[in-house]
Amino acid sequence: MYSAIDNIHFHFLYIDRYSFGRNWIFPESSIPYNMLRYIESGTASFFIDSQEYSVKKDQIIYIPKGSQLSCFATSSHFSFTSIRFTSSVFFEGGDLLGDYYHLPKIMEGKGESFYFDEIYQWVKKESPAKMFFVRGYLELLIASLIAKVNPETNQNEVPSNTLNSQMSIEEKSENASDFSSRILPTTNKGKKYGDEMDLDKIRTQIKKSGTAMDSRIQGVVDYILLHPNEKYSPSRLAEMAELSKQRFTSLFSSQLGKSPMVYVKELKLTTAARKLLVSNLHINDIAYELGYEDSNYFIREFKRAFGCTPNQYRHIAKE
């Protein structure tokens, strides 16, 4: 039986490595995506929503989407690898990894450097398998961090960062995703209460069905993920699922927590965000590729989703 959490995916946007001197300062800005930064060398101070965090080599800092971020180097040389990503669902609290999985802002991350390295290397390759490896390693990285902060996790289930076994990435992801959320009480009664509280939170905040996804809906979702540039309508999507438009919309909404066209819009905007970071395409060209005939409408929709215009989003990425 699937639960609401089984339908969540993380969308990779961008990865890069940065190296700065002591004079590096990042002025306060609103961050329109999630970030994980692995500190390669040196020390720095990060301010996330006015809370100060001191970071050093081999630590990972987690910066949730929507955070107010500023930071500056505190050593003569400071370098890090930064990954940007979004989640496939809207989480009412705004911080899915923090609120539901209890991911802290600072974590010891020496064992996770492997995943950062692999994602960075695969992004640079010209291979039809590139994005599958990138997505796979991103989810393994997140799974590994979740396991670290879960005191009840069997560490034998955490994927080895050497990946020398015969187990496939898909099999490792399935094992790594089988983690319950952290529960503070240690008694059985307290554990049950904690489970119920977390289950209630995920039901109310993610708005998803607790039943297995219908194969017809899954087929449509898989097609949309592979073809984000195509134009879609409720009628076309319903035909793909061989359902009436009303039945399809009702079933899709109950299982993914949003209407089909909202899902399509969010995927297109996430795709646009990735193109802004990894290409020099003009805003109008990106809008046209994704099926937007009016670039001004595209800009308004992008700003509504990410809190800034496409040009501002691209500018933030370069800072």
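It should be noted that the structure appears before, not after, this text.
First things first, this report covers the structure right here in the doc. (Residues numbered from 1 in each chain as written. Predicted model: local features only at pLDDT ≥ 70, side-chain atom pairs only at ≥ 80, totals over all residues. Heavy atoms only, no water.)

1. Some thoughts on the nonpolar core
Counted only if it meets this: We define the nonpolar core as a collection of buried residues of types Ala, Val, Leu, Ile, Met, Phe, Trp, Tyr and Cys that are connected through side-chain atoms lying within 4.5 Å of one another. For each residue, the accessible area found with a 1.4 Å probe, counting protein chains only, is set against the maximum for its type, and the residue is called buried under 20%, exposed over 50%, and partly exposed in between. To qualify as a helix, a DSSP run of H or I must reach at least 4 residues; to qualify as a strand, a run of E must reach at least 2; elements of each kind are numbered from the N terminus. Residue contacts are counted whenever heavy atoms from the two residues lie within 4.5 Å of one another.
One finds Phe46, Ile63, Leu69, Phe78, Phe298, Phe302 and Tyr313 to be the most contacted residues of the largest nonpolar core, which totals 37 residues. It is helix 9 (residues 260–278) that provides the largest number of residues to this core, a total of five residues. Not counting residues within four places of it along the chain, the set of residues in contact with phenylalanine 302 comprises Leu269, Ala272, Ala273, Leu276, Gly307, Cys308, Thr309, Pro310 and Tyr313. One finds Ile83, Phe85, Tyr100 and Tyr101 within the second-largest nonpolar core, a separate group that totals 30 residues.

2. Things to note about unusual backbone geometry
Negative phi is the rule for most residues except glycine; trans is the rule for most peptide bonds. Although it is not a glycine, histidine 102 adopts a positive phi angle of roughly 65°. What makes histidine 102 buried here is its relative accessible area of 19%.

3. A look at the packing of aromatic side chains
Just so we agree on the cut-off: Planes of paired rings set the category: under 30 degrees apart is stacked, over 60 is edge-to-face and the rest tilted, where pairs are Phe, Tyr or Trp rings (Trp by its six-membered ring) whose centres lie within 6.5 Å.
Applying the stated rule across the entire model yields 25 aromatic pairs. Seen from their ring centres, phenylalanine 306 and tyrosine 313 are 5.3 Å apart, and the 65° between their planes marks the pair as edge-to-face. Classification of tyrosine 313 as buried rests on a relative accessible area of 0%. Taken together through their ring pairs, the aromatic side chains of Tyr33, Tyr292, Tyr297, Phe298, Phe302, Phe306 and Tyr313 make up a single cluster.

4. Topic: the packing of helix 9 against helix 11 (residues 295–306)
So the rule is basically this: Note on geometry: axes are C-alpha line fits, over the in-contact stretch for helices, and angles between N-to-C directions span 0 to 180 degrees. Reported orientations rely on four angle classes, namely roughly parallel under 35 degrees, roughly antiparallel over 145, roughly perpendicular from 65 to 115, and oblique for the rest. Polar here means any residue other than Ala, Val, Leu, Ile, Met, Phe, Trp, Tyr, Cys and Pro, which are nonpolar, and Asp, Glu, Lys and Arg, which are charged; Gly is therefore polar.
Look at helix 9 against helix 11: their axes get within 10 Å of each other, and the N-to-C directions meet at 95°. Relative to helix 11, the element helix 9 lies roughly perpendicular. In this structure, helix 9 contributes Lys265, Leu269, Thr270, Ala272, Ala273 and Leu276 to the contact, and helix 11 contributes Phe298, Glu301, Phe302, Ala305 and Phe306. Here the contact of helix 9 with helix 11 is built from residues that sort into eight nonpolar, one polar and two charged.

5. Looking at the side chain of arginine 314
We apply this condition: In this charge count, Lys and Arg are treated as positive and Asp and Glu as negative; neither His nor the chain ends contribute. Take a side-chain nitrogen of Lys or Arg and a carboxyl oxygen of Asp or Glu: if they are within 4 Å of each other, that pair is a salt bridge.
For arginine 314, the position within the fold is in helix 12 (residues 310–318). This buried residue, arginine 314, is left without a salt bridge; aspartate 285 holds the nearest opposite charge, at 8.9 Å. In this structure arginine 314 touches Lys275, Leu276, Ser279, Asn280, Leu281, Ile283 and Ile286, once residues within four positions along its chain are discounted.

6. Quick word on the pairing of strand 7 (residues 68–73)
We count it as follows: If DSSP finds at least two bridges between two strands, the strands pair.
Relative to strand 7, strand 2 (residues 25–30) runs antiparallel, the two being bridged by four bridges. Bridge pairing in strand 7 places serine 29 opposite leucine 69. Where strand 4 (residues 44–48) meets strand 7, five bridges bridge the pair, whose relative direction is antiparallel. By the bridge assignment for strand 7, serine 45 is matched with phenylalanine 72.

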